[in-house]
Amino acid sequence: MAGGVEAYYEDESFRDHVSHIDQEGKRVWFYPKKPSGRLYHWRTLLSIGFLLVLVTLPLIQVNGLPLFLFNIVERKFVLFGVRFWPQDFFLFVMGMLIFIVFVALFTVVYGRVFCGWICPQTIFMEMVFRKIEYWIEGDASHQKALNKMPWNAEKTKKKALKHGIFFFLSFLIANVFLSYIIGVDALYRIITEPLSEHISGFVAILLFSGVFFFIYAWFREQACLVVCPYGRMQGVLLDQHSIVVAYDHRRGEQRARFSKEARPGAGDCIDCHECVRVCPTGIDIRNGTQLECTNCTACIDACDTIMEKINKPRGLIRYASEYTIRTGRKLGWTNRMKLYTGILVVLVGLESFLLVTRTDVEATIIRTRGVLFNTEPDGRISNLYNIKIINKTSHDLEVELRVPIAGAEVRTIGRHGLMVKADSLLDGEFFLLLPPGALEQQKNKIPVELWARGQRLATETTTFLGPSRRVVTSAPVVPQVKAGHSDEQEDHETENDNH
Ligand code: SF4
Ligand code: SF4
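What comes next is a walk through the structure. Everything quoted here is computed from the prediction, not taken from an experiment.

Taken together, 13 residues surround ligand 1, and among them Cys269, Cys272, His273, Cys275 and Cys303 come closest. Elements with a minimum of two residues in the shell around ligand 1: helix 14 (274-277) and helix 15 (298-309). In terms of residue class, the shell around ligand 1 is made up of 9 nonpolar, 1 polar and 3 charged.

A few words on the packing of aromatic side chains. Applying the stated rule across the entire model yields 15 aromatic pairs. Aromatic pair Phe114 and Tyr230: ring centres 6.2 Å apart, planes at 85°, arrangement edge-to-face. In this pair, Phe114 is assigned in helix 4 (residues 113-117) and Tyr230 in helix 11 (residues 229-232), connecting sequence segments 116 residues apart. Put simply, the rings of Phe124, Phe129, Phe166, Phe177, Phe208, Phe212 and Tyr216 touch in pairs and so form one group of aromatic residues. A cation sits over an aromatic face here: Arg402 above Trp451, 4.0 Å from the ring centre.

Quick look at the environment of Leu439 now. Residue placement: Leu439 occurs in the loop between strand 15 (424-434) and strand 16 (443-452). We classify Leu439 as buried; its relative accessible area is 5%. Note: C-alpha distance between Leu439 and Tyr319 (120 residues apart in sequence) is 71 Å.

Moving on to the pairing of strand 4 (residues 76-79). On a regular strand, one side chain projects to one face of the sheet and the next to the other, so that they alternate. The sheet contact formed by strand 3 (residues 68-71) and strand 4 spans 4 bridges and is antiparallel. When the sheet's bridge partners are listed, Leu69 is paired in strand 4 with Val78. Where strand 3 folds back on strand 4, the antiparallel hairpin that results is connected by 4 residues, among which Arg75 adopts a positive phi of roughly 55°. Where strand 4 meets strand 5 (residues 82-84), 3 bridges bridge the pair, whose relative direction is antiparallel.

Quick look at the sheet that holds strand 16 now. One open sheet accounts for 3 strands, arranged 12-16-17; its pairing is antiparallel. Bordering the open sheet on either side are strand 12 (400-402) and strand 17 (455-465), each of which pairs with just one other strand. Going from strand to strand, the sheet's axes swing by 30° on average, the running direction of each strand aside. Bridge count for strand 16 against strand 17 is 10 bridges, and the pairing is antiparallel. Looking at strand 17, one finds that Trp451 is bridged to Arg456.

The rules we used
Residues numbered from 1 in each chain as written. Chains lettered and ligands numbered in written order. Predicted model: local features only at pLDDT ≥ 70, side-chain atom pairs only at ≥ 80, totals over all residues. Heavy atoms only, no water. Near = heavy atom within 4 Å. Helix = DSSP H or I, 4+ residues; strand = E, 2+ residues; numbered from the N terminus. Nonpolar A, V, L, I, M, F, W, Y, C, P; charged D, E, K, R; others polar. Phe/Tyr/Trp six-rings, centres within 6.5 Å; stacked < 30°, edge-to-face > 60°. Lys NZ or Arg CZ within 6 Å of the ring centre and 35° of its normal. Buried < 20%, exposed > 50% of the residue type's maximum accessible area, 1.4 Å probe, protein only. Pairing = 2+ DSSP bridges. Axes fitted to C-alpha atoms, helices over the stretch in contact; angles between N-to-C directions.

Any link to function would need more than the numbers given here.
Right, dumping it as structure tokens:
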């Protein structure tokens, strides 16, 4: 590049095309050189940890429930061994909102660290499938040569072996994936019981295996470049202060071939193209931050190796912000970073608080529609109620209802009372009897406590109807009950009916 740093800013021709499509509109197949170096080593270790965790988590059970389950079809969700019900949907919505804000703020400050280090797509592609490809077909130049050669015994053997292993791995990933959706027990039944009993499960495994095989054998980096919404959002999330994998053009320009002789006016970049050769998305990071960059850090390692060889300091390509590169300032812990990180901590804390304070038992108590109060022989007033109790715990609960009013009595209906099975919902009915002296008005707000195992689990408030305290001047009217009325509406009508 002639013209030094100024020309570096002016030349934006690389923005006129995308790396993975050639001028004829055909896909460019990348042959990235096998990376090596300090960061690649750490990424490999992190990936091993990630894969171990990914495979182990579905096997862990807490109180008879899996640690994680995301059964969308049956609407069963388990997080950290705690079952979430549709009634906990607000937690899910809050979690999603927090997640979106978290992702946006995190990316504004830390760029695409997630893509390079944690994203399952990157880990499977670069740390599993790509490594197998290097092992079977050799490094980039050997792969290129193999693909160009006519079909012979060597090529057939290598391709068959590679794709055989790829499909087997895709099959394993599909099983792991399904174990998060239907649970390991259901998955085990699909695998071990006769095929005829689990046709849909078997088809799902094959379908997912096919999808994963397609992605890792052929689609590859296009998942990040074309499909991934997070990747597409980078253009609006990143700014000049975001930390990205960046080329220090102030130090690197003007690039010139390495020579043992003096290179007047030359920067540290020797234009060796090693950073481009290792890039799995086929870009030249020296052009600046680009949508295709997944921050995989392979170019950092490649350039550091070159810098060591030519006795220059490492870090010509490094984690930095565009601002720090342009101004020459060091990347520091800025107020903006502190603020955003503080907000992230608060958001995570908020969601954690909501999860921790979530109740194990939830109840809805509604006065039975169309039924007024009764006056018992002993003078007490009774109302009939419908109750729904959700037991979110993994043990059965014998629920007892208590009303903290002197002379109050709860009479449950049915032989089994309010025995709520673990992890299930109970529909029940009960009468509440109150002495007339306890009623201050015709329509009263009454607290009903749910007790089990000597503990108060929840307190719900419901309405209790009693006789009118006003003088009745007209004949009573039989109440007309309309389907779909709310408790409040009904109370209003019955109140009038009694007048
Ligand atoms: S690896 Fe480093 S020295 Fe070589 S072209 Fe890339 S930036 Fe320049
Ligand atoms: S430019 Fe560097 S960090 Fe970005 S994808 Fe390519 S090799 Fe990875």
